[in-house]
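The lines below spell out each chain.
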Amino acid sequence: MNDPDTKLHNSAVTAMVFVALLLAWEVGVRISGVAPILLPAPSAVARELANAPGFFLRESAYTVVSTLAGFALALLIGVVLAIAIVGSRWLERLIWTVLVVLNSLPKVALAPLFVIWMGLGVAPKVAVAVLLALFSIVVDTVLGLRTVDPDVTALVRISRAGWLREMLLIRLPGALPALFAGMKVAISFALVGAIVGEFVGGSSGLGTVILIAQGQFDTTRVFAALVLLGIIGAALFHLLEIAERLLIPWHLSQRSR
Amino acid sequence: MIRVSVPCISIAGGEKLYPSSRGAIMALRGIDLDVADGEFVSLLGPSGCGKSTLLRCIAGLEQLSAGTASIHGQPILSPPDGIAMVFQRDALLDWRSIIGNVVIAAQLRGHRAALYRDRGMALLERFGLAGFADRYPWELSGGMRQRVAICRALLMEPTILLMDEPFGALDAMTRDDLNVELIRMWQASRRTVVFVTHSIAEAVFLSDRIAVLSRGPGRIEELMKVDLPRPRDLGVRETPAFAAHVAHLRAVFTRLGLMTT
Ligand SMILES: Nc1ncnc2c1ncn2[C@@H]1O[C@H](COP(=O)(O)OP(=O)(O)OP(=O)(O)O)[C@@H](O)[C@H]1O
Ligand SMILES: [Mg+2]
């Protein structure tokens, strides 16, 4: 099922479906004569991108940087919080309460507050990205840290390993698969957060490009930015999958790959 | 009779209650068992009779509700020094290589893995796994995995080895192999072993003495000495003496209503 031949075959099929959809879109737009302001043809979007590659690259880079910064911070904070939650009843109650309250707020609605606090630079974008990405990392990491085979727990106790040794030798490595599951959700949330941050204020990034193009009814440019966002989202997710394959080749989900 | 030495493991009047929503479950009652240094004792009994519970009390993972458990005269209040345990499911760590799974016994005790690598490799070699040191658990068969678990248990040279149905999940042939390897290991080192099993033949083949437990609550119904010469090999199972031991234990089980004939 997973031999290289089928893999090649699968990606060929994916590519063909993709090309067919693009063709249908192109032909549909041309035949129906729908106004480009409503729906531009793929060829027009491609031309838009080709005409200003430097511009789009710069704006994309800005969004990618705030996404990655937010994701990395969320990862760091999330793992530390998860360790604290697993380590102490008292901290567990405190952190969960705060996290659940934060998470039940529509976090997007907090974005304007961050602009007031942090200005129009990259900081509020990163902050919104962190806020959106944090929850899934904490939840999944806590689950991973808590799931230890009872026999392994017995082994740890018989060896009289303390809390730190158990954490480093058993719990953290054992939590890696769950952590990756959380990261895969978190990376898309971080991208959403970065865009929301740009929507609320600032002068760079693909979110800003969309906002300005919308004001000018430049639908083609909106589409160009959307295409780039799609590519960025898919690429980040794919990078995580590669990291997963390299870091946890031992996990059941990775073995037959 | 005058006691000249303190037994290695001693349990007197051992009782274990597990609290539960529908009142307490009595898992063990009136357990009296002494195991001498270097002795191989098997706990034989049906499922649910408290064999694992007894083993966990010796390991210091559980406390008896009444009675005393001690090792060399010291009451067992927490996991004592110098014990190791082998479980039915091998409890290997998926993310560690085979040698990594062996040396973790040292790392969990705060030693550096590198210092124990040679000893780990020697153990793997002894159990026919030298070529697999850098493989991962999922690449090994059930029997090989259980050998690794035994190597892990032996790494820190425990004085007491507790084994909870270590071969229960293996097929008969692999089980025979491992019985032979275990008995070879034991004959060379003479550690104190408490071995839990469902299998009469396995218990007779391996043990110096066999404690037969019955259910509800678990108590020791019979303590049988195994009078078979050592060193033993698989050939001993064909002897009349072996058959007599097995027949005797069968009769005990039938008398207790634990076996339908
Ligand atoms: N942690 C626990 N909490 C409550 N009851 C328990 C617990 N552990 C065991 N018991 C109960 O104690 C009794 C003995 O269990 P134990 O696991 O010691 O049996 P066993 O002889 O090892 O069985 P098996 O051969 O199936 O492994 C059972 O009735 C079981 O339900
Ligand atoms: Mg058991």
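Everything that follows concerns the structure shown earlier in this document.
Definitions and cut-offs
Residues numbered from 1 in each chain as written. Chains lettered and ligands numbered in written order. Predicted model: local features only at pLDDT ≥ 70, side-chain atom pairs only at ≥ 80, totals over all residues. Heavy atoms only, no water. Helix = DSSP H or I, 4+ residues; strand = E, 2+ residues; numbered from the N terminus. Rg over C-alpha atoms; globule rule 2.2 N^0.38 Å. Buried < 20%, exposed > 50% of the residue type's maximum accessible area, 1.4 Å probe, protein only. Contact = heavy atoms within 4.5 Å. Areas by Shrake-Rupley, 256 points an atom, 1.4 Å probe, with all protein chains shown as cover. Lys, Arg positive; Asp, Glu negative; His and termini not counted. Charge placed at Lys NZ, Arg CZ, Asp CG, Glu CD. Buried area = accessible area lost by both parts, 1.4 Å probe. Salt bridge = Lys/Arg side-chain N within 4 Å of Asp/Glu carboxyl O. Polar contact = N/O pair within 3.5 Å; in protein donor to acceptor, adjacent residues only side chain to side chain. Nonpolar A, V, L, I, M, F, W, Y, C, P; charged D, E, K, R; others polar.

Caption draft 1: How the structure looks around the overall build of chain B. Counting its regular elements, chain B contains 7 helices and 10 strands. Here chain B has a C-alpha radius of gyration of 19 Å; the compact-globule value for 261 residues is 18 Å, and the two agree. Taken over the C-alpha atoms alone, chain B extends approximately 50 × 45 × 45 Å along its principal axes. Each of the 261 residues in chain B was classed as buried or not, and the buried ones make up 55%. Taking the contacts inside chain B whose residues are at least 6 apart along the sequence as the reference set, 69% of them involve residues at least 24 apart. As displayed, chain B has an accessible area near 11500 Å², and 51% of this comes from carbon and sulfur atoms. The centroid of the 30 positive side-chain charges in chain B is displaced by 3 Å from the centroid of its 27 negative side-chain charges.

Caption draft 2: Local environment of the interface of chain A and chain B. Counting residues at the interface gives 19 residues for chain A, matched by 23 residues for chain B. Looking only at chain A, the three residues that lose the most surface to chain B are Ile158(A), Leu169(A) and Trp250(A), adding up to 30% of its buried area. Our enumeration of links across chain A and chain B arrives at 2 salt bridges. Among the ionic pairs, Asp81(B) bridges to Arg160(A), the shortest N-O distance being 2.3 Å. Summed over the shared surface of chain A and chain B, the result is 4 residue pairs in polar contact (both at pLDDT 80 or more). Those elements that place two or more of their residues in the side of chain A that touches chain B are α7 (150–158) and α8 (163–200) of chain A. It is α7(A) that contributes the most residues to the side of chain A that touches chain B, 7 residues altogether. Taken together, the residues that form the side of chain A that touches chain B break down as 11 nonpolar, 2 polar and 6 charged.

Distances and angles like these do not, on their own, reveal function.
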